[in-house]
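Given next are the chains, with one letter for each unit.
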Amino acid sequence: MFGSLLVYASTHPFRIYDHFEWQAQAWLEGQTAIRYPVGTMNPCSGNACFNDVRPVPSPDGVPRGDIPFPPLPAVVLLPFVALWGREADGQLIFAILAAIDVGIAWWLLGRLPVRRAVRFAVTVFFAFGTVFWYTAQLGTTWYQAHVLAVGLAMLAIGLSIRADPDAAINEDDRPYDPGDDGGAAAGRGLGARTVGVVRGGIDRRQFVAGLLFGLACTSRLTVAFGAPFFLLVGTGGSWQRRGLSAGVGAAIPIGVLLLYNVISTGALFHPGYQYLYELEAGFYTNLGYHLDWAIEDPRYIGQNLWIMLFQGPAILPDVYPAGLGNGQALCVDPGAVRGLFDRDCPIAIPRDTGMSILLTSPAYLFAIPALRGYGANRLVTGSALAILVITFVNVMHFSQGWVQFGYRFSLDFIPWALVLVALGMQRIRTPLLAVIAGLLVGVSILVNFWGVVWGNVLGW
């Protein structure tokens, strides 16, 4: 954990995108909308260069705008902003929280039936071999939300696994029957089981797991689609009671978020997302947005799935790749020699629209052997369903997470992916496969180091 903090802090750049600090300051003023715009657009100062703000009527005569993002990161920053105002270093605070997330990952993986070497390898993979490294060291608005959501989701998953050890060891070949639950519900029909759920009441441990999961959703909304996991894994004696207990816990923070939306905007779902969609689609014409499509639209699946699984870097480019699309010519000097991190004449540049998770983090491939337990192992089945549903929702979204290194939306499902990677590595039985696992983790780290350096070189 301390080693990861040292790395995150040493690669930490300064960026001005700190929406949540402005949000915390607005709350301290008794307002839900931030002061906006403040400063100048070019050069960027204050928040005048923020695009992700919707101007709103001001009740106090101060120009203001509201932020559509779920506000939990601003809640975390609130005491720091109360003490130091806008001088509070939100990027550093979230780098510390990211290092804590690495400790949580170690704890989560310790709940699984895996060897200590596997636990260590997957923790290192998470910290430095995924886009979590880029996220942790950058720590601007969108990445603060990811850091908080990942840690809370891992806590929720770990608590559920700890309360339900049978979910991690049910490795037989017969399909898992969610109504069986080790015989607890045997011989009962759906109506009888439902009555049993009501009589049994809320399971406290599953309720706490659901509460943590709900808090994660108030940082990143799409994490909510990992809910099927808590039907299959956890305590409570039956899938109905597990789901009810976790659902009641999750409903509390999510209900508070919806209430906050109503108070601050008059709508249950924040209207700022539609405003930003129209703004970005009209301005960034080279990103493949279509205003006649919905914000979540199946027609976006093809282009976003391509980015997530197949898009690579620009190799031997003559101009900077699309996205920012400044069209700057590269290697204009006939005698120029390409360099690994040469901004003017590079060997390869990451694409700011995103890159394949299989290229940036090839150790994810070890999740595949774990999928042999799908249908027979509740932990595998629940994790796979969470990943599948979250991914489906994300690739329907109009935006792919730009500007970014890699594919940052993968952080919405990474807590469940780490479970599968660890279970897959646990199946390694030969020295050759152990060497391959080490190589894939090593390559993942090197690629993400390359991405972190390039992100800072390009000022992303």
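A quick note: this is a predicted structure, and the numbers were derived from the prediction, not measured.

Q: Now, about the sheet that holds strand β2 (residues 54–56): what can you tell me, with residues and values included?
A: The strand order β1-β3-β2 describes an open sheet built from three strands, whose pairing is antiparallel. Both outer strands of the open sheet, β1 (34–35) and β2, are each paired with one neighbouring strand and no more. Both β2 and strand β3 (residues 64–66) contribute to a ladder of three bridges, which runs antiparallel. Looking at the pairing, arginine 54 lines up with aspartate 66 of β3.

Q: Account for helix α16 (residues 378–395), naming residues and giving values.
A: Every α-helix carries 3.6 residues per turn, so stepping three or four residues along brings you back to the same face. Taking 1.5 Å as the rise per residue, α16 with 18 residues should run 26 Å; its terminal C-alpha atoms sit 26 Å apart, in good agreement. Of the residues flanking the start of α16, the one acting as N-cap is asparagine 377, its side-chain oxygen 2.7 Å from the backbone nitrogen of leucine 379.

Q: Requested: an account of the pattern of salt bridges, with residues and values cited.
A: Tallied over the entire structure, the rule returns 10 salt bridges. Of the charged contacts in the structure, one is a salt bridge between aspartate 60 and arginine 64, with a shortest N-O distance of 2.8 Å. Classification of aspartate 60 as partly exposed rests on a relative accessible area of 34%. A residue is classified by how much of its surface remains accessible, and arginine 64, at 3% relative accessible area, is buried. In this structure, the salt-bridge partner of aspartate 297 is arginine 299, at a minimum N-O distance of 2.9 Å.

Q: Would you mind going over the state of the cysteines in detail, with residue names and values included?
A: Taken as a whole, this structure holds two disulfides when the rule is applied. Here cysteine 44 engages in a disulfide with cysteine 49; their sulfurs sit 1.9 Å apart. For cysteine 44, a relative accessible area of 31% translates into the label partly exposed. By relative accessible area, which is 7% here, cysteine 49 ends up buried. Here cysteine 331 engages in a disulfide with cysteine 345; their sulfurs sit 2.1 Å apart. As the torsion about the S-S bond is roughly 110 degrees, the cysteine 331-cysteine 345 disulfide counts as right-handed. Taken as a pair, cysteine 331 in the loop between β4 (314–315) and β5 (348–349) and cysteine 345 in the loop between β4 and β5 lie far apart in primary sequence, 14 residues in all. For cysteine 345, a relative accessible area of 3% translates into the label buried.

Here is what the cut-offs are and how they apply
Residues numbered from 1 in each chain as written. Predicted model: local features only at pLDDT ≥ 70, side-chain atom pairs only at ≥ 80, totals over all residues. Heavy atoms only, no water. Pairing = 2+ DSSP bridges. Helix = DSSP H or I, 4+ residues; strand = E, 2+ residues; numbered from the N terminus. Expected span 1.5 Å × (residues − 1). Polar contact = N/O pair within 3.5 Å; in protein donor to acceptor, adjacent residues only side chain to side chain. Salt bridge = Lys/Arg side-chain N within 4 Å of Asp/Glu carboxyl O. Buried < 20%, exposed > 50% of the residue type's maximum accessible area, 1.4 Å probe, protein only. Disulfide = S-S within 2.5 Å.

Remember that the coordinates give geometry; whether it matters functionally is a separate question.
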